[in-house]
Amino acid sequence: MLILLPPSETKRTGGRRAPLDAAGLALPELAPQRDAVVTALVALSADEEHAARVLKLGPQQRSEVAVNAVLREAPTMAAIDRYTGVLFDALDAASVSTAGRRWLGAHVLVHSAPFGPVGALDPIPAYRLGAATSLPGVPPLRRLWSADVTAALAALAPRFVLDLRSEAYVGLGPVPAGVASRYVRVVSEGADGAVRALNHFNKHAKGALVRRLAEDRPRIGSAAAFLTWADAAGLRVRETAAGELELFA
C-alpha cells in the first residue's frame, strides 16, 4: 500500500539534519527536476520584490523569500515533521510510536512542489512554493513534474495507492494507469440525507485517517482490503460509482 499526501503551506522552521540531498530522497530519479526547481527558487530570491510577486506573498510573509534563498544550505527535518496545518496537526507524527513512524516511512509519500513526492521520513528544508506557482527559469510545474512523477510512481510498482492529495497536486503526477488506486474525498451527510463535500474538516479527516493507519499498520493491497479495514476500525467509507472513496467525517 502507498499513501499520497498533499503538503501544507505552513511549515516548521529549522532542523537538525544535513542540508538537502536531492538524490537521497525517495524516487531519486527525480533529482534533476528537484535541482532545477531549487536553482530557480534560489535565483528568484535574489530580488525580494519580484519573488514576493511571483510567490504571492503579503507584507507579513516576506521572510519566506529568505527561506528560499538558503534552500541548499538550510538544515532539514523529516517531511512528516516539517509540515504543519490541519492535516499534519491531526496526524501528529511526533507522537506516533516508533513502529508507527517506521510504517509512515515505508508507506507514505508527501507530494511537494519543489521536490516532488518525498518519503515521510525524508529530510527536507523549509520552503515556500505552491503547485500553481509559475516559477521563472523552469517550465510550468505541471509540465515539469507530471510525466516523470507518474513514471517514478510506476517504477515503485505499488499494489494499491490511496490518493489523499488535493487535485492541484494530483496534476503534478497522476497515479499511473494500471495501478489500483482510489482518490479519497471527505464528505458529511446532513439530516436530509444529502452528502456534501467538506473543506476544513477534509484535511483533519485525512490526517486522522493516516494516523489510524500508522497505529494499526494493516496489510492492505486493494481497495476491498482497505474498505474491510476501515469498517473494522469504525470508519465510514464507501466506494462511489466513479471509483473514488468517500470518507465520512
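Scroll up to find the structure this text is about.
The notes below deal with the structure included here. In every chain, residue numbers begin from 1 and rise along the written sequence. Confidence filtering applies because this is a predicted model: local features only for residues at pLDDT of at least 70, side-chain atom pairs given and counted only at 80 or more, and all residues used for totals across whole chains, interfaces and linings. Only hydrogens and water are removed before side-chain values are computed, so all heavy atoms of the structure are retained for them.

Observations concerning the overall build of the protein chain
What the protein chain contains, in helices and strands, is 10 helices and 10 strands. Values of the radius of gyration come from C-alpha atoms, whereas the globule rule sets the reference at 2.2 Å times the count of residues to the power 0.38. Relative to the 2.2 N^0.38 estimate, which gives 18 Å for 249 residues, the radius of gyration of the protein chain is 18 Å and therefore close to what a compact globule would have. The C-alpha extent of the protein chain, read off along each of the three principal axes, is 55 × 40 × 35 Å. Residue exposure (1.4 Å probe, protein chains only): buried if accessible area is under 20% of the type maximum, exposed if over 50%, otherwise partly exposed. Considering the protein chain as a whole, with its 249 residues, one finds that 50% of them fall into the buried category. For the protein chain, contacts bridging at least 24 residues in sequence account for 67% of all contacts bridging at least 6. Per-residue and other accessible areas follow the Shrake-Rupley method at a 1.4 Å probe size, with only the shown protein chains counted as cover for residues. Here the protein chain has roughly 11,400 Å² of accessible surface; of this, 53% comes from carbon and sulfur atoms. Averaging the locations of the 28 positively and 24 negatively charged side chains of the protein chain gives two centres separated by 2 Å. In this text, helices come from DSSP runs of H or I with a minimum length of four residues, and strands from runs of E with a minimum of two, each type numbered from the N-terminal end. Contacts: residue pairs with any heavy atoms within 4.5 Å of one another. The sign given to each residue is positive for Lys and Arg and negative for Asp and Glu; His and the chain ends receive no count. By convention, charge coordinates are those of NZ in Lys, CZ in Arg, CG in Asp, or CD in Glu.

Some words on the layout of surface pockets
For each structure, a 1 Å grid was placed over the protein atoms alone; sets of points admitting a 1.4 Å probe that cannot get out are labelled cavities, open sets with protein on both sides within 12 Å along at least five of seven lines are labelled pockets, and lining residues have an atom within 4 Å of a point. Grid points are joined across faces, edges and corners, and a volume is the space filled by probe spheres set on the points. There is about 760 Å³ of room inside the largest pocket. Lining the largest pocket we find 35 residues, and of these Pro6, Pro7, Ser166, Tyr169 and Lys203 sit closest to its centre. Those elements giving two or more residues to the lining of the largest pocket turn out to be α2 (48-55), α5 (86-91), α8 (167-170), β7 (181-189) and α9 (200-216). Looking at the lining of the largest pocket, the element that brings in the most residues is β7, giving four residues. In this count, Pro and Cys sit with the nonpolar residues alongside Ala, Val, Leu, Ile, Met, Phe, Trp and Tyr, while Asp, Glu, Lys and Arg are called charged and the others, Gly among them, polar. Taken together, the residues of the lining of the largest pocket sort by class into 18 nonpolar, eight polar and nine charged. Volume-wise, the second largest pocket comes out at about 190 Å³.

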